[in-house]
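Here's the letter readout for the chains.
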Amino acid sequence: SQILTITFTRKAAQEMKQRVLAGLEGAGLQALRRDVENGYIHTIDSFCERLLRENPFDAGLDPEFLVADEHEATHYLDLAFQKACSRILDGEGRERELLERSSNLTGDRGDVGLLGSLRVEVRAVMAQLRTYGLTWKEALDWATQLEKDLAECPELALEVALRSPLQRVSEVSLPATEGLRMAQELAKEALSSPRSSLPSVARQVVEAIRRAQPRQVAPGDIAIRRDLQIAVRELLRILAAWSPQKESEAAAESAAFFRLVLETWRGYDELRKPLGLLDFSDLELRADARQLRDCAVG
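Residues numbered from 1 in each chain as written. Predicted model: local features only at pLDDT ≥ 70, side-chain atom pairs only at ≥ 80, totals over all residues. Heavy atoms only, no water.

Draft legend 1. Structural detail: the pattern of salt bridges. Applying the stated criterion across every chain yields a total of 15 salt bridges. A salt bridge links Asp282 to Arg272; the shortest N-O distance between them is 2.4 Å. Here Asp282, found in helix H13 (residues 280-286), pairs with Arg272, found in helix H12 (residues 244-272); they are 10 residues apart in sequence, far enough to count as distant. For the pair Asp282 and Arg272, a shared accessibility class is recorded, and that class is buried. Among the charged side chains, a salt-bridge network with shared partners connects Arg130, Asp269, Arg272, Asp279 and Asp282. (Salt bridge = Lys/Arg side-chain N within 4 Å of Asp/Glu carboxyl O. Helix = DSSP H or I, 4+ residues; strand = E, 2+ residues; numbered from the N terminus. Buried < 20%, exposed > 50% of the residue type's maximum accessible area, 1.4 Å probe, protein only.)

Below you can see the structure in the form of structure tokens.
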């Protein structure tokens, strides 16, 4: 009663239970064997479902809730996407332009086309956001704030993009040479400095590496050379490609796509709610400790 055992597949959970039962039976522990029949040996999803069925009111659920399999969940997602597209096409704005382009063009993925590809991407982004424990309303608040930040500071995306290659430079195991150490210190300083200074510092990092690398990285240090070269190429690519106008266009396009994600997500929740239908992500989110503060598992 005090052991929770979790595995990934139903087959593995069943095998695990059979091994425990066989061990107890072989030891003559029949009473314990009967207890284990109801023990917590589950996949993550089945444990979450059991926890919720035992405590539906703590989770704010109908005790008779249903769990959609993957096929059902995909059906309702596709239906929600279609309804979202219909609503958007009835209106105006960047979202409509995005859908019209996707509807009128064909891609290189067979009969799927760009609209089908867009549907796949919408589902992927929505799934990723749900793994963070967000509701669609919370995601809407986050997106609204991000749009506001980008409008006030178009350099924000540039600064965010620069952080990854600068992080790579800061983590390379460099030989004890002055020039490369200077580049690494600049990168570390940039990561902790105000955003507005990142582009200029990134250029200094590139120049410091270019000056020092030929002389101060030994021919045998292939991994160091590779990591530094990748970081320099990425920094130069980002700095060369960025412009305020391009960034404003990209931000508007991204916002349109994200609003399509949120509209699909909202429709998906609305379609399932009257049916008391949860999917696997719902099981994990509803079983979260924050959702079950008053629930204790013995």
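Draft legend 2. Focus on the packing of helix H4 (residues 70-89) against H12. One way to put it is that H4 packs onto H12 with a least axis distance of 8 Å and a crossing angle of 125 degrees. Considering the angle they form, H4 stands oblique to H12. The interaxial crossing formed by H4 with H12 has right-handed handedness. Here H4 contributes Ala73, Tyr76, Leu77, Leu79, Ala80, Phe81, Lys83, Ala84, Cys85, Arg87 and Ile88 to the contact with H12, which in turn contributes Leu260, Glu263, Thr264, Arg266, Gly267, Tyr268, Leu271 and Arg272. (Axes fitted to C-alpha atoms, helices over the stretch in contact; angles between N-to-C directions. Parallel < 35°, antiparallel > 145°, perpendicular 65-115°, else oblique. Left-handed = near helix turned anticlockwise from the far one by under 90°. Contact = heavy atoms within 4.5 Å.)

Draft legend 3. Representation of H4 in the model. In this model, H4 (20 residues) spans 28 Å end to end at C-alpha, consistent with the 28 Å of a helix rising 1.5 Å per residue. For H4, the full list of buried residues reads Ala73, Tyr76, Leu77, Asp78, Ala80, Phe81, Ala84, Cys85 and Ile88. (Expected span 1.5 Å × (residues − 1).)

Draft legend 4. Focus on the packing of helix H7 (residues 136-152) against H12. Put simply, H7 and H12 touch, their axes get as near as 10 Å, and they point 170 degrees apart. By the angle class used here, H7 and H12 are roughly antiparallel. Along the contact surface, H7 presents Trp136, Ala139, Leu140, Trp142, Ala143, Glu147 and Leu150, while H12 presents Ala251, Ala255, Phe258, Arg259, Leu262, Trp265, Arg266 and Asp269.

Draft legend 5. Highlighting the nonpolar core. Membership of the largest hydrophobic core comes to 27 residues, with the highest contact counts inside it found for Leu260, Trp265 and Tyr268. Every element with two or more residues in this core is listed here: H4, helix H5 (94-104), helix H6 (113-131), H7 and H12. What Trp265 contacts, discounting residues up to four positions off in sequence, is Met126, Leu129, Arg130, Leu134, Thr135, Trp136 and Ala139. Listed in part, the 25 residues of the second largest apolar core include Ala190, Ala231, Val232 and Leu235. (Core = buried A, V, L, I, M, F, W, Y, C linked by side-chain atoms within 4.5 Å.)

Read these as geometric descriptors, not functional statements.
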